[in-house]
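Next come the chains, spelled out residue by residue.
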Amino acid sequence: MRLVNSSQLKRVALHDLIAKQPSIILELLKHYSLHYLRKTMNEIIFIVEDSPEGGLIAKALGESIFTEAETLEELKEMVRDAVNCHFEENKPQIIRLHIVREEVLAA
């Protein structure tokens, strides 16, 4: 009988998981890479879009933070407040807003 050490077992289990559930692995990699990026760069990124009801909405990448406001200036304050409430320690020093606007042009 051949003995298998724990690192070999982990490699085999990971290989089987990748073969059977590649989407789970991609989600895990995306989550941990965003988490690692935020921890190492000490920043958080928000996607800002126009709300269908009017005003603006902001969603954080890699964190469960969502807020909305009527104007961009109000949204900036709401985002700062949401970040301060969400993080008890290791608060990001930089908040980056990626503003996405869709425009339709006549051909």
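Model, not experiment: these values are computed from the prediction.

It is worth spelling out the sheet that holds strand β1 (residues 43-50) at this point. Read across the open sheet, the four strands follow the order β3-β2-β1-β4; overall the sheet is mixed. Bordering the open sheet on either side are β3 (66-69) and β4 (94-100), each of which pairs with just one other strand. Strand after strand, the sheet turns through a mean of 25° between neighbouring axes, direction not considered. As judged from the seven bridges shared by β1 and β4, these two strands associate in the parallel manner. Pairing of Ile44 across the sheet is with Ile95, part of β4. Contacts from helix α3 (residues 72-86) reach β1, β2 (56-60), β3 and β4, with the element oriented near 155° to β3.

Turning our attention to the nonpolar core. In terms of nonpolar packing, the biggest core is built from 13 residues, with Ile44, Phe46, Ala58, Ile65, Leu75, Val79 and Val83 touching the most fellow members. Within the residue set of this core, elements represented by two or more residues are β1, β2 and α3. In terms of residue count, α3 provides more of this core than any other element does, four residues in total. Contacts of Phe46, omitting those with residues within four sequence positions, involve Ala58, Lys59, Ala60, Ile65, Val79, Val83, Ile95, Arg96, Leu97 and His98.

Criteria and cut-off values
- Residues numbered from 1 in each chain as written.
- Predicted model: local features only at pLDDT ≥ 70, side-chain atom pairs only at ≥ 80, totals over all residues.
- Heavy atoms only, no water.
- Pairing = 2+ DSSP bridges.
- Helix = DSSP H or I, 4+ residues; strand = E, 2+ residues; numbered from the N terminus.
- Axes fitted to C-alpha atoms, helices over the stretch in contact; angles between N-to-C directions.
- Contact = heavy atoms within 4.5 Å.
- Core = buried A, V, L, I, M, F, W, Y, C linked by side-chain atoms within 4.5 Å.
- Buried < 20%, exposed > 50% of the residue type's maximum accessible area, 1.4 Å probe, protein only.

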